[in-house]
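Chain residues, written in single-letter form:
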Amino acid sequence: MLTEQDKLKKIAGEKAVEYIKDGMKVGLGSGSTVYWMIKRLGERIKQERIVVEGIPSSNKTAEWAKEFGVSLTDFSRVTELDITIDGADEVDGNLQLIKGGGGALFREKVIAQAAKQLLIIVDPSKLVKTLGAFPLPVEVLPFGWEIISKELKELGADCSLRKQNEDIYITDNGNYILDCQFSEIKDPVKLHNELIHKVGVLETGLFIDMTKTVLVGGEELRVIEK
Ligand SMILES: O=C(CO)[C@H](O)[C@H](O)COP(=O)(O)O
């Protein structure tokens, strides 16, 4: 039984597949909204016999792609993606994003950067005036994470090491995630630049100026463009 929010994610995810054309190389994001996109893409591949190859941003996404019959490739064979489709945890009025709620932010940023277009798919709860209510995920090296966390606290964040049940959460890259609560992120560009220069920070969940189009699921689907 789908929740109301799941239904809105499904609408956005399925609509996104209309942006995919025969022959395209597609970056496949992560998360529950992307799940619906991959499922629908699998249906189109079977029904219309289009040829599409994807690069997944997480092991879970790779599993879904296999389950729904979406062929996968990698960056040893493909140097540019036609489009990347991904979810987000927060989207502000300038289409700056917080991502990484699912822990896949590093690979998500790689496939976003490799693509001619990043299409974001969300339900309306992800739209915010100012980023920061959602704790900002920051991927860090396991060695010395305690020191990195202390440094980030000095920038005003309340950071906690992500756990999965009782264990430390390990990303697909073998690293840790610090979930950093800033009261409000008034200047995402400045914050990203400060964080990324700290030794041991591999990537932040701030996706700055990476997307120009956001699809928002709803009774009437909304397309926000920059
Ligand atoms: O950044 C992500 C994973 O790292 C997801 O895109 C984000 O968490 C949104 O997920 P969902 O579609 O399940 O709401």
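Quick caveat: nothing in here was measured; it's all calculated off a predicted structure.

Criteria and thresholds
Per chain, residue numbering runs from 1 following the sequence as it is written. For a predicted model such as this one, the threshold for reporting local features is a pLDDT of at least 70, and the threshold for listing and counting side-chain atom pairs is 80 or more; totals across whole chains, interfaces and linings nevertheless cover every residue. The side-chain values count all of the structure's non-hydrogen atoms but skip hydrogen atoms and water molecules. Segmentation of the chain into domains, including their bounds, is taken from an automatic or database domain assignment. Contact criterion: two residues are considered in contact whenever any of their non-hydrogen atoms come within 4.5 Å of each other. The term buried area denotes the loss of accessible surface (1.4 Å probe radius) that occurs when two parts are joined, taken as the sum for both partners. Within this document, salt bridges are pairs made up of a side-chain nitrogen of Lys or Arg and a carboxyl oxygen of Asp or Glu, the two lying within 4 Å of each other. Polar contacts here mean pairs of N or O atoms no more than 3.5 Å apart (in protein, one a potential hydrogen donor and the other a potential acceptor; neighbouring residues in sequence count only if both atoms are side-chain atoms). Where helices and strands are cited, they refer to DSSP runs of H or I of at least four residues and of E of at least two residues respectively, numbered from the N terminus. The method works on a 1 Å grid over the protein atoms by themselves. A cavity is a set of points holding a 1.4 Å probe that cannot get out, a pocket is an open set with protein on both sides within 12 Å along at least five of seven lines, and residues with an atom within 4 Å of a point line them. Grid points are joined across faces, edges and corners, and a volume is the space filled by probe spheres set on the points. Under this grouping Gly is polar, as are all residues other than the nonpolar Ala, Val, Leu, Ile, Met, Phe, Trp, Tyr, Cys and Pro and the charged Asp, Glu, Lys and Arg. Only when DSSP finds a minimum of two bridges between them are two strands counted as paired. A fitted line through C-alpha atoms serves as each axis, taken over the contacting stretch for helices, and the angle formed by two N-to-C directions is quoted from 0 to 180°.

## Some points on the domain arrangement of the protein
How big an interface is tends to be expressed through the accessible area that disappears when the partners come together.
Step number 1: The domains assigned to the protein are domain 1 (4-124 + 208-225) and domain 2 (136-200).
Step number 2: Averaged C-alpha coordinates put domain 1 and domain 2 at centres separated by 25 Å.
Step number 3: Taken together, the contact between domain 1 and domain 2 spans 14 residues of the former and 14 residues of the latter.
Step number 4: When domain 1 packs against domain 2, close to 1,000 Å² is buried across both sides, 56% of that on carbon and sulfur atoms.
Step number 5: Our count for the contact surface shared by domain 1 and domain 2 stands at zero salt bridges.
Step number 6: There are six residue pairs in polar contact (both at pLDDT 80 or more) connecting domain 1 and domain 2.
Step number 7: At four residues, the largest contribution of residues to the side of domain 1 that touches domain 2 is made by helix H4 (residues 105-113).

## Thoughts on the layout of surface pockets
Step number 1: Of the pockets and cavities examined, the largest pocket occupies roughly 170 Å³.
Step number 2: Around the largest pocket, the lining is made up of 16 residues, and of these Ser30, Gly31, Ala88, Asp89 and Gly102 lie nearest the centre.

## Observations regarding empty space enclosed by the protein
Step number 1: Under the criterion given, the structure shown has one cavity of 30 Å³ or more.
Step number 2: The space that makes up the largest cavity amounts to roughly 30 Å³.
Step number 3: Lining of the largest cavity is provided by Ser57, Gly103, Ala104, Phe106, Arg107, Thr171, Asp172 and Asn173.
Step number 4: Taken together, the residues that form the lining of the largest cavity break down as two nonpolar, four polar and two charged.

## Examining the sheet that holds strand E8 (residues 136-140)
Step number 1: One open sheet holds the four strands; their spatial order is E9-E12-E8-E13, and the pairing between them is antiparallel. Two strands bound the open sheet, and with one partner strand each, they are strand E9 (158-161) and strand E13 (201-204). Recorded for the sheet is a direction-independent mean angle of 30° between the axes of neighbouring strands.
Step number 2: With three bridges connecting them, E8 and E13 associate as antiparallel partners. If you follow Val138 over to E13, its bridge partner there is Thr204.
Step number 3: Across the sheet, helix H5 (residues 145-154) is in contact with E8, E9, strand E12 (176-181) and E13; its angle to E12 comes to roughly 20°.
Step number 4: On top of the sheet, helix H6 (residues 188-196) reaches E8 and E13; it is set at about 165° to E13, its chief contact.

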